[in-house]
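Observations on chain architecture
Okay, here's what each chain looks like letter by letter:
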Amino acid sequence: MRTARPRTVHPVLWAGWAALAAGAVLCVLGWYGVSGERFAERQLPYLASCTVPGAALIIAGAVLLTHGRTALAAARVEELYALLVAAEPADADGSGQAAAAPVAAGADLLMVPGGTLFHRADCPLVAGKAEAVPVDGKLVAGGELGPCPICEPAGTTG
């Protein structure tokens, strides 16, 4: 189930894009005004009224966009955390405590060719994959394969 994104982030992003666009327009107008004047004393009003505020708006727009995207990312992390915390463990007993068994509990160890981890047969990372093959004990003993952090296989095949 996907929930809606917070509405407070979108106005910040729109304000950032608007500030960037307005700053770019002011910088172009300032450049056009300065380029039409021959003397420096006639160019200063264009710099003061268009180019400097335009540059400030570009910087403000960049800050607003960065803040908006950071807030959006933080909201997504909070949403995912809420989904993770809200999920009830499948093996919970009446007291609300989860069983201490690992996620997967298979006896055979499998690996994916070219992979760096070995897995239990019922690990969700290799379950249903036709290319998964039994683990060679030499690879595990040589340290070429490490245990999967999801299914946490205990032993090696000999």
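Conventions and cut-offs
- Residues numbered from 1 in each chain as written.
- Predicted model: local features only at pLDDT ≥ 70, side-chain atom pairs only at ≥ 80, totals over all residues.
- Heavy atoms only, no water.
- Helix = DSSP H or I, 4+ residues; strand = E, 2+ residues; numbered from the N terminus.
- Buried < 20%, exposed > 50% of the residue type's maximum accessible area, 1.4 Å probe, protein only.
- Contact = heavy atoms within 4.5 Å.
- Areas by Shrake-Rupley, 256 points an atom, 1.4 Å probe, with all protein chains shown as cover.
- Pairing = 2+ DSSP bridges.
- Salt bridge = Lys/Arg side-chain N within 4 Å of Asp/Glu carboxyl O.
- Patch = residues over 30% accessible without salt bridge, like charges linked within 9 Å, V, L, I, M, F, W, Y side chains within 5 Å.
- pLDDT = per-residue confidence, 0-100.

This part takes up the overall build of the chain. Counting its regular elements, the chain contains three helices and four strands. Secondary structure elements of the chain occur, N-terminal to C-terminal, as α-α-β-β-β-α-β. Counting all 158 residues of the chain, 20% fall into the buried class. Residue pairs at least 24 apart in sequence account for 58% of intrachain contacts in the chain once pairs closer than 6 positions are excluded. Surface summary for the chain: the accessible area is close to 11,000 Å², and the carbon and sulfur share equals 65%.

A sheet is described by the order of its strands in space; here four strands give the open sequence β3-β1-β2-β4, paired in mixed fashion. Edge positions in the open sheet fall to β3 (133-134) and β4 (146-147), since each of these has one partner strand only. Judged from the three bridges that link them, strand β1 (residues 109-111) and strand β2 (residues 117-120) form a sheet pairing that is antiparallel. Counterpart to L110 in the pairing with β2 is H119.

What follows covers the pairing of β2. The antiparallel pairing of β1 with β2 creates a hairpin that spans five residues between the two strands, and G114 there sits at a positive phi of about 90°. Bridge count for β2 against β4 is two bridges, and the pairing is parallel. The partner of F118 across the bridge, within β4, is P147.

Turning our eyes to something else, we now look at the pattern of salt bridges. Taken as a whole and assessed by the stated rule, the structure comprises one salt bridge. When the shortest N-O distance is used, the salt bridge between R42 and E37 registers 3.7 Å.

Before going further, it helps to spend a moment on a nonpolar patch on the surface. A cluster of nonpolar side chains, namely Y81, L84 and V85, defines an oily patch on the protein surface of about 350 Å² accessible area. Along the chain, L84 falls in helix α2 (residues 40-86).

Chain-level statistics for the chain give a pLDDT mean of 78 and a share of 78% at 70 or above. At the level of individual helices and strands, the chain shows its lowest average pLDDT in helix α3 (residues 137-141), which scores 79, and its highest in helix α1 (residues 9-35), which scores 88. Here residues 98-106 scores under 50 on pLDDT; set against residues more than four positions off or in separate chains, the count is 16 contacts.

Now for the environment of L65. Take L65: it is sitting in helix α2. Residue L65 is classed as buried on the basis of its relative accessible area, which comes to 10%. Expressed as a C-alpha distance, the spacing of L65 and L13, which sit 52 residues apart in the sequence, is 5.3 Å. Aside from chain neighbours lying at most four places away, what touches L65 is L13, G16, W17 and L20.

For V112, the position within the fold is in the loop between β1 and β2. Taking C-alpha positions, V112 is 6.3 Å from E131, a pair spaced 19 residues apart along the chain. Not counting chain neighbours up to four residues away, the residues in contact with V112 comprise V126 and E131.

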